[in-house]
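A structural walkthrough
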Amino acid sequence: MLLGNKRKDSKMDNQQATEYELGWVAGIVDGEGWLGFTVFTDPRRANGTQVKCELRIVNTDPEIIAKSEDIFRKMGINPYMRTRLQKGINRPVHECATKNMTNLLKILPKIEPYLVGNKKQRARLMMEFIDLRKKNEGLENPNYGGMGQRKIHPYTKRELDIVEQCRALQATGASETTREKRDAVMQKLKQQNALKTR
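Keep in mind that what you see is a predicted model, and the values were worked out from it rather than measured. (Residues numbered from 1 in each chain as written. Predicted model: local features only at pLDDT ≥ 70, side-chain atom pairs only at ≥ 80, totals over all residues. Heavy atoms only, no water.)

A closer look at the nonpolar core
Rules: Only buried Ala, Val, Leu, Ile, Met, Phe, Trp, Tyr and Cys residues count toward a nonpolar core, and they belong to the same one when joined by side-chain atoms within 4.5 Å. For the exposure calls, accessible area comes from a 1.4 Å probe over protein chains only, and a residue counts as buried if that area is under 20% of its type's maximum, exposed if over 50%, partly exposed in between. Helix numbering and strand numbering both begin at the N terminus, where a helix is a DSSP run of H or I of at least 4 residues and a strand a DSSP run of E of at least 2. Contact criterion: two residues are considered in contact whenever any of their non-hydrogen atoms come within 4.5 Å of each other.
Ranked by size, the top nonpolar core spans 37 residues in total, and within it Phe37, Leu55, Phe72, Leu108, Ile111 and Phe129 carry the most contacts. Sorting the residues of this core by element identifies α1 (19-32), β2 (33-41), β3 (49-59), α2 (62-74), α3 (101-111), α4 (117-135) and α5 (157-170) as the ones contributing at least two each. Ranked by the residues each element gives to this core, the list is headed by α4, at 6 residues. Excluding its chain neighbours within four sequence positions, the residues that come into contact with Ile111 are Leu22, Val25, Ala26, Val29 and Leu55.

Observations concerning α3
Put simply, the rule is: It is the directions from the helix axis to the C-beta atoms whose arc is reported. Polar contacts, as counted here, are pairs of nitrogen or oxygen atoms within 3.5 Å of one another; within protein the pair requires one atom able to donate a hydrogen and one able to accept it, and residues that are adjacent in sequence qualify only if both atoms are side-chain atoms.
Buried residues of α3: Asn103, Leu104, Ile107, Leu108 and Ile111, and no others. Axial view of α3: buried residues confined to an arc of 110°, hence all on one face. Buried residues along α3 sit in contact with α1, β2, β3, α2, β5 (93-98) and α4. Between a side-chain oxygen at the N-terminus of α3 and the backbone nitrogen of Thr102 the separation is 2.8 Å; the capping residue is Asn100.

Considerations on the confidence of the model for the protein
Note the threshold: As a per-residue quantity, pLDDT reports the predictor's confidence and falls between 0 and 100.
In the predicted model, the protein carries a mean pLDDT of 83, and the fraction of residues at 70 or more is 75%. Contacts for the low-pLDDT stretch residues 1-13, under 50 throughout, to residues beyond four places or in other chains number 31 contacts.

So, the side chain of Glu112
Note on placement: Glu112 falls in the loop between α3 and α4. Reaching out from Glu112, the side chain makes a polar contact with the side chain of Arg124 at a distance of 2.8 Å. If sequence neighbours within four positions are ignored, Glu112 has contacts with Lys120, Ala123, Arg124 and Met127.

Re the pattern of salt bridges
Put simply, the rule reads: The salt bridge definition used is simple: a Lys or Arg side-chain nitrogen within 4 Å of an Asp or Glu carboxyl oxygen.
Per the stated rule, a full pass over the model turns up 12 salt bridges. Between Glu95 and Arg84 there is a salt bridge, and its shortest N-O distance comes to 3.6 Å. Remark: Arg84 occurs in strand β4 (residues 80-84) and Glu95 occurs in strand β5; sequence separation between them is 11 residues. Among the residues examined, Arg84 registers a relative accessible area of 16% and is labelled buried. The partner of Glu128 in a salt bridge is Arg158, with the nearest N and O atoms 2.9 Å apart. Linking Glu128 in helix α4 with Arg158 in helix α5, this pair joins segments that are 30 residues apart in sequence. The class for Glu128 is partly exposed, based on a relative accessible area of 31%. Each of Glu21, Asp70 and Lys74 takes part in one network of salt bridges that share partners.

Next up, the structure:
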C-alpha cells in the first residue's frame, strides 16, 4: 500500500553537496542502502530480459530520507521518493532511489571514496558497467522493418561478467534457494543475449 509516491517537483538546488554531505550519504548507503543490479523479464518489451542498476536508501526515519533527498538534489538528481507500509513493521517505510544510469554516474564517483567493503566493490563494478553501456554502439536490428528499434544493444561478455560479479556480492548471506533463482535468471539473460549476437 502506497502512502505517497514520486515527487512532481523536479526543481534542482543550485547548491553543491559538501564533502561532509557526500561522506554522510555514503555512510547511509553503506548502512541503510541497497546498491546493485536487478535482472528481470518484461514480456511487454522486445528486449525481454534486462538489467537495471539501482541505488536505494530505505528507512523508517523520514529525516534521514529527507536529508538524503536534499543531498541528491544538490548533485543534480531528482530521486524517486515514496512512502509505503511494509508487513511486519509498524511504522511507514520511506524510500529515496534512482535507477537512472546518468544519475548514478553523478552519484557513484562522488561517494565511492567514502564507501567500504562490499558496497565499494559494487559501486566500482556499477560505474564500469554504465560506462561500457554508454559506449556500446549496438548492432543493426535484423528484425527492423520501419517499426521499432533500428539498433539493438546486446550485453557484451564483460558487461555480463560485471553483472554476475556484482550479483554474487549482493547475494552474500542469501539462502541457497535465492542463489539458485539468481543463477537461473542470469543463465536466461546469457542465452537471450547469445541469440541477439548471432
